[in-house]
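So the chains spell out like this:
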Amino acid sequence: VLRDSKTLTAEDIDCFLKKTPWGHTSVLSGYRENGKTVGQMIHDACDKHDVNPLELLVRMQMEQGLVYKKTAPDSVIELAFGCGCPHSPLCGPKYIGFGNQCECSAGTLRRSMDASTTSKGTAGGWRVGVAKKTSDKLEIIPKNAATAALYTYTPWVGEAGGGKDGVGGASL
């Protein structure tokens, strides 16, 4: 499912952002970059890397709450996925901008899924069927490439899954 890039069209994504599950419009609804809507940028990156656009919507909500938020400064939107600049407000120019963040996030997820089935594993050392401890010290054995990729991107289980209090983590 995480590799199903055809789940949503650009129009579907833009429509979802106009009427979120919270019954209001997301700050991203009217956002444009280089003439493209958020839906177009997410769709393009997901189509290129064969990643489900739903994952990018979820990731964006996990990282910055941008699906829910009615307002946010451009500086937050430009780092929507926290990709390429984890835990730091300093970010190289190739990662700044919503479109760049979409590309980075979708590409990272795809590379991690592909690497998770190799003997080396992902950049974070996650491999399908091999136990590894998360940053909140819980042991996880990814049963598939999607799970290994998600823990590579966010190596925390988080409070909702019995991990560290106050941490969202992959359990979200």
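Here is what the cut-offs are and how they apply
- Residues numbered from 1 in each chain as written.
- Predicted model: local features only at pLDDT ≥ 70, side-chain atom pairs only at ≥ 80, totals over all residues.
- Heavy atoms only, no water.
- Buried < 20%, exposed > 50% of the residue type's maximum accessible area, 1.4 Å probe, protein only.
- Helix = DSSP H or I, 4+ residues; strand = E, 2+ residues; numbered from the N terminus.
- Disulfide = S-S within 2.5 Å.

Peer 1: Honestly, unusual backbone geometry in this entry has me stumped. Any pointers?
Peer 2: What is expected of a backbone is that most residues other than glycine have negative phi and most peptide bonds are trans. With a phi angle near 55 degrees, Asp-50 is a residue other than glycine that sits in the positive phi range. Overall, Asp-50 belongs to the partly exposed group, its relative accessible area being 37%. Even without being glycine, Lys-137 reaches a positive phi, approximately 65 degrees. In this structure, Lys-137 sits in the loop between β3 (132-133) and β4 (139-140). With relative accessibility at 61%, the residue Lys-137 sits in the exposed group.

Peer 1: Explain the state of the cysteines to me, please; I cannot follow it from the model alone.
Peer 2: A covalent bond between the sulfur atoms of two cysteines is referred to as a disulfide. Counted by the stated rule, this structure contains one disulfide. The disulfide partner of Cys-83 is Cys-104, and the gap between their sulfur atoms is 2.0 Å. Where Cys-83 bonds to Cys-104 through sulfur, the torsion about that S-S bond is close to -70 degrees, and the disulfide is left-handed. In this pair, Cys-83 sits in the loop between α4 (74-77) and α5 (98-115) while Cys-104 sits in helix α5, placing the two residues 21 residues apart along the sequence. Taking the relative accessible area as the measure of exposure, Cys-83 reaches 5% and is therefore buried. Cysteine Cys-102 shares no disulfide, and the gap to the nearest cysteine sulfur, in Cys-46, comes to 7.3 Å. Owing to a relative accessible area of 0%, Cys-102 belongs among the buried residues under this scheme.

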